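In case you want the letters, here they are:
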Amino acid sequence: STLSADIMDVVAGSEGPPLQAFRNSNPFDESFQNPAQADRDLDLERDRERDANHTPLQLLRRASETVTASILEPEKEHLLGGRPQPPPRSHGAPIPMSGASEAKRGRQQPNQRQLQQQEQQYNSRVLAPGDRMTQGTGSGNGSTGTVPQGAQLQGDNLPTPPLHTKLDIQRIPEDAGGGDATQNAATIILTPTSLNLTNTTQNVAANNAGSGNGSGSGLPTPGGVHGDEYKGPQWWRYLVQHWVNTSEHVALLAIFLGLWAMAWVLLPEFSEPQTVIMRIAFLFVGAQVSGILVTFIHLPDMLGMLFFGVLYTNLGLANFEGYQRFELFLREMALINIMLLAGLGLDGDAFKRLWFMILRLTLLPTIAEVAVIAGLAYLTLSMPWLWGIALGLVITAVSPNVVVTVMLKLKEDRLGLNSGIHTLIYAMTTCNDVVAIFMFGVIISVIFSTTSLTQQVLQGPIGIGIGLVFGYLYGTMLQYLPSRNATYANGLRFVLTILGGTIAVMGSRVIGYTSAGALGCVTTAFIARIGWRREENKLTPQQLQAQQIASVPRRLDLLWKFLKPVSFALIGKEINFNVLEGHVIGYGALLVLVGSLFRLAFAYLSTYGGNLSRKERAYITISGFPKATVQAALGPVALDLARAATTANADQLALASNVLIISVLAIIFTAPLGAILMLRLAPHWLKHGDAVEAVDSPTTPIPTGQDNAFKRT
């Protein structure tokens, strides 16, 4: 055909530098037989290395231009009809670069300009006028056209080199007169491109960015819209930005609504809002919502849960007659969850390395605070010494919920990671809670015991022995049952762990040794965790990551999402303004304040002996200030036991009520203040850890193999 003949004429009629691989190896070529041609080849030898690689591309360009002029240009005009044609997009425009790429391009530009000039001179000599019908004019707009005859091409005025073409997809506006016109279907047209291949993905991204509003924030917004072009209410934008954390609460609400809908269909007589079971459910849901709301003003969510419980009972909605046992069971489950998490958080290796410092930080502040509170309670509220000690043990426990939340925030900010402070605070908090919970169980057992004095004296040691034996045996069983290679090993371990803690706490009450329950629960989790950690040391990093995602501590954390509003709402429910006594509130606040001051003083003295600065010792001291979680779990225990007694004792009920009221005051005064102090003082008192230490520093203490955790670099 005519088109094929034109292409062959272009390829065969080239007088430029010969192809290296073809003409040098063909003995029938004219250049081997014609001396004049040989002399001419020798004259062009010095240019062959530079132009040899350009010749195939020139031939391809001219062939492509011939195809464009013969077929595609008429076809394009036929497809577009009478609509105006937009200027084709030029791919030869320089793409913005930065750094080394920009410097490299700056060094290459002089050589490229010389090559383009020589190539244009060669093309002007060998190309026929008809072959330049689609050659670019170098106007910079990317349009195609012919070079006007008679134009002088000199120096930098040379037109851009002939461009090969490729199929490109361009959006053709329906209205060519408006730059913002709506873009419709993609039309395949032919556009000139440069020899340097460009990244199509970059071009698409640039076009997408250009079609937006020009925002460069890159923040995700609902519906897949990126940038700050999304405009909505401030509360909605806050919800979207914090959706990772908020989605957990929304999921809990969705679970409640789904269960309520099922109960409405299956058990309509128990699902009406005025029933007792639904009022209990509304108490927990309202506490969860209130906890979310108070976080908007940067307060711990437990305060919102507590205040909702107080509001609920003073509105007359907290009369749960007939469900006292169910209420007691929920409180005990919250306590079991806390003790299991405390046992799983104990690290034997960290305790071996830091045992003396941890022992001082656990015992000295605890003894000082309990002694002061017991003495003041005896003098101001006329509480017996045993009741005063029990009150002091409830108040002295540090809130793991507040401390862990703050420590996670500090880990993100890389504060305190270079001095072993995180490991020390975690260990101190866990050991303090274990000691407080265990000793509280011992004292409460003695208070409510109806046996002889000798049996009351032996109550503590016997309870310790029972708790240790049960915890060791049950924890050892959990190391091997189920097998590590079982399909549902983590799920079965979680169920068996919860069951073991429940048996320890409720069984100890049945046999009359309440102190054995707390110690057995903590020991079970501690012994089981030792075996589980040995198994984790044998796993690959990928297996370890998958193991930790569904581990027993993670499942207990999820269970605490449900039990947390239960615990704080139920303790707030016991605060009835109609029966409160002013002197109890006043003296109770004094007890909490003076006891906390003594604790801070003795805790600071206990930090001596390590390679810590004064500010770091002060920060460790204030980490023991917030109280919340353990107080919510232990505060109502004495009141529940007094109510469950076979013979009602008005004095014990009054003393137990005072313990609960002062526990609530401790939560209100210390939880928000302690969290604020820890967050505000951390940037000023703690050092920034380097990247390696930030990666190696765990959320829960694990052995690091360092000889001295307090060695500063």
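Our subject is the structure that appears above.
Residues numbered from 1 in each chain as written. Predicted model: local features only at pLDDT ≥ 70, side-chain atom pairs only at ≥ 80, totals over all residues. Heavy atoms only, no water.

A few words on the overall build of the protein chain. A count of helices and strands for the protein chain gives 30 helices and two strands. Each of the 713 residues in the protein chain was classed as buried or not, and the buried ones make up 42%. Taking contacts inside the protein chain between residues at least 6 apart in sequence as the whole, the part at least 24 apart equals 76%. About 38000 Å² of surface is accessible on the protein chain, with carbon and sulfur atoms providing 62% of the total. (Helix = DSSP H or I, 4+ residues; strand = E, 2+ residues; numbered from the N terminus. Buried < 20%, exposed > 50% of the residue type's maximum accessible area, 1.4 Å probe, protein only. Contact = heavy atoms within 4.5 Å. Areas by Shrake-Rupley, 256 points an atom, 1.4 Å probe, with all protein chains shown as cover.)

With that out of the way, let us pick up a nonpolar patch on the surface. On the surface, a cluster of nonpolar side chains totalling about 1000 Å² of accessible area is made up of Ile255, Leu259, Met262, Trp264, Val265, Leu266, Leu267, Phe270, Leu558 and Phe562. Broken down by secondary-structure element, the contributors of at least two residues to the nonpolar patch are α10 (243–266) and α24 (552–573). Ranked by the residues each element gives to the nonpolar patch, the list is headed by α10, at six residues. Structurally, the position occupied by Leu267 is in the loop between α10 and α11 (268–271). (Patch = residues over 30% accessible without salt bridge, like charges linked within 9 Å, V, L, I, M, F, W, Y side chains within 5 Å. Salt bridge = Lys/Arg side-chain N within 4 Å of Asp/Glu carboxyl O.)

Right, let's get into the nonpolar core. The biggest cluster of nonpolar side chains holds 114 residues, and the ones touching the most others in it are Leu391, Met407 and Tyr619. Examining the composition of this core, we find that 14 residues originate from one element, helix α18 (residues 421–447), more than from any other. In this view, Met407 contacts His422, Ile425, Tyr426, Tyr619 and Met678; residues no more than four positions away in its chain are not counted. (Core = buried A, V, L, I, M, F, W, Y, C linked by side-chain atoms within 4.5 Å.)

Quick look at the side chain of Thr396 now. Structurally, Thr396 is set in helix α16 (residues 385–396). Here Thr396 falls in the buried class, since its relative accessible area comes to 0%. A polar contact is formed between the side chain of Thr396 and the side chain of Arg599, at a distance of 3.1 Å. Beyond its immediate sequence surroundings of up to four residues, Thr396 is in contact with Thr366, Glu369, Val370, Asn432, Ala436, Arg599, Lys627 and Gln631. (Polar contact = N/O pair within 3.5 Å; in protein donor to acceptor, adjacent residues only side chain to side chain.)

Turning to the packing of helix α12 (residues 276–294) against helix α13 (residues 301–314), a few remarks are in order. Put simply, α12 and α13 touch, their axes get as near as 7 Å, and they point 140 degrees apart. Compared by their axis directions, α12 and α13 come out oblique. Crossing geometry of α12 relative to α13 is assigned as right-handed. Together, Arg279, Phe282, Leu283, Gly286, Ala287, Gln288, Ser290, Gly291 and Val294 of α12 and Asp301, Gly304, Met305, Phe308, Gly309 and Tyr312 of α13 make up the contact between the two elements. When grouped by side-chain class, the residues that make up the contact of α12 with α13 number seven nonpolar, six polar and two charged. (Axes fitted to C-alpha atoms, helices over the stretch in contact; angles between N-to-C directions. Parallel < 35°, antiparallel > 145°, perpendicular 65-115°, else oblique. Left-handed = near helix turned anticlockwise from the far one by under 90°. Nonpolar A, V, L, I, M, F, W, Y, C, P; charged D, E, K, R; others polar.)

Turning next to empty space enclosed by the protein. Applying the stated criterion to the full structure yields seven cavities of 30 Å³ or more. Approximately 230 Å³ is the volume found for the largest cavity. What lines the largest cavity is a set of 20 residues, and nearest its centre among them are Leu335, Val505, Arg509, Thr514 and Val637. Broken down by secondary-structure element, the contributors of at least two residues to the lining of the largest cavity are α14 (324–345), α18, α21 (489–511), α22 (515–536), α27 (629–634) and α28 (637–644). The element best represented in the lining of the largest cavity is α14, accounting for five residues. Among the residues forming the lining of the largest cavity, the class breakdown is 12 nonpolar, four polar and four charged. (1 Å grid on protein atoms, 1.4 Å probe; cavity = no way out; pocket = protein on both sides within 12 Å on 5 of 7 lines; lining within 4 Å. Points joined across faces, edges and corners; volume = space filled by probe spheres on them.)

Let us look at helix α17 (residues 400–412). Relative to the 18 Å expected for 13 residues at 1.5 Å per residue, α17 spans 18 Å between its end C-alpha atoms, a close match to the ideal helical length. Restricting attention to buried positions, one finds in α17 the residues Asn401, Val402, Val403, Val406, Met407 and Leu410. Where α17 is buried, its residues meet α13, α18, α24, α26 (614–622), α27 and α29 (650–685). Phi turns positive, to about 60 degrees, at Arg414, one or two residues after α17. (Expected span 1.5 Å × (residues − 1).)

With that settled, consider the packing of aromatic side chains. Taken as a whole, this structure holds 10 aromatic pairs when the rule is applied. Note on Phe256 and Phe282: the rings are 6.2 Å apart at their centroids and 70 degrees apart in plane angle, and the pair reads as edge-to-face. Taken together, the positions of Phe256 in helix α10 and Phe282 in helix α12 put the pair 26 residues apart, joining distant regions of the chain. Residue Phe256 is classed as buried on the basis of its relative accessible area, which comes to 16%. Members of the aromatic cluster, each reached through a chain of ring pairs, are Phe256, Trp260, Trp264 and Phe282. Positioned above the aromatic ring of Tyr608 is the side chain of Arg617, whose terminal nitrogen or guanidinium carbon lies 4.2 Å from the ring centre. (Phe/Tyr/Trp six-rings, centres within 6.5 Å; stacked < 30°, edge-to-face > 60°. Lys NZ or Arg CZ within 6 Å of the ring centre and 35° of its normal.)

In this structure the tally under the stated criterion is 14 salt bridges. A salt bridge links Arg331 to Glu327, with the nearest nitrogen and oxygen atoms 3.3 Å apart. Of this pair, Arg331 and Glu327 both sit in helix α14, separated by four residues, roughly a single helical turn. Residue Arg331 is classed as buried on the basis of its relative accessible area of 8%. For Glu327, a relative accessible area of 8% gives the class buried. By sharing partners, the salt bridges in this structure join Glu327, Arg331, Lys573, Glu574, Asp640 and Arg643 into a single network.

Here we come to α21. With 23 residues, α21 extends 32 Å from end C-alpha to end C-alpha; this agrees with the ideal 33 Å at 1.5 Å per step. Backbone geometry just downstream of α21 places Gly512 in the positive-phi region, at approximately 90 degrees.

What follows is about unusual backbone geometry. Omega for the peptide link from Leu481 to Pro482 comes to 0 degrees, which places this bond in the cis form. With respect to the secondary-structure elements, Pro482 resides in the loop between α20 (459–480) and α21. The residue His298 is not glycine, and still its phi comes out positive at about 60 degrees. Here His298 shows up in the loop between α12 and α13.

Checked against the element boundaries, Leu415 lands in the loop between α17 and α18. Between the C-alpha atom of Leu415 and that of Lys687, which follows or precedes it by 272 residues, the distance is 5.6 Å. For Leu415, the residues in contact, after removing those within four places along its chain, are Leu410, His422, Ala682, Pro683, Leu686, Lys687 and His688.

What follows deals with the packing of α26 against α29. The interhelical angle for the contact between α26 and α29, taken along N-to-C directions, is 170 degrees, at an axis separation of 10 Å. In terms of axis orientation, α26 runs roughly antiparallel to α29. Along its contact with α26, which presents Lys615, Glu616, Ala618, Tyr619 and Ile622, the element α29 presents Leu677, Met678, Leu681, Ala682, His684 and Trp685. Class assignment for the residues of the contact of α26 with α29 results in eight nonpolar, one polar and two charged.

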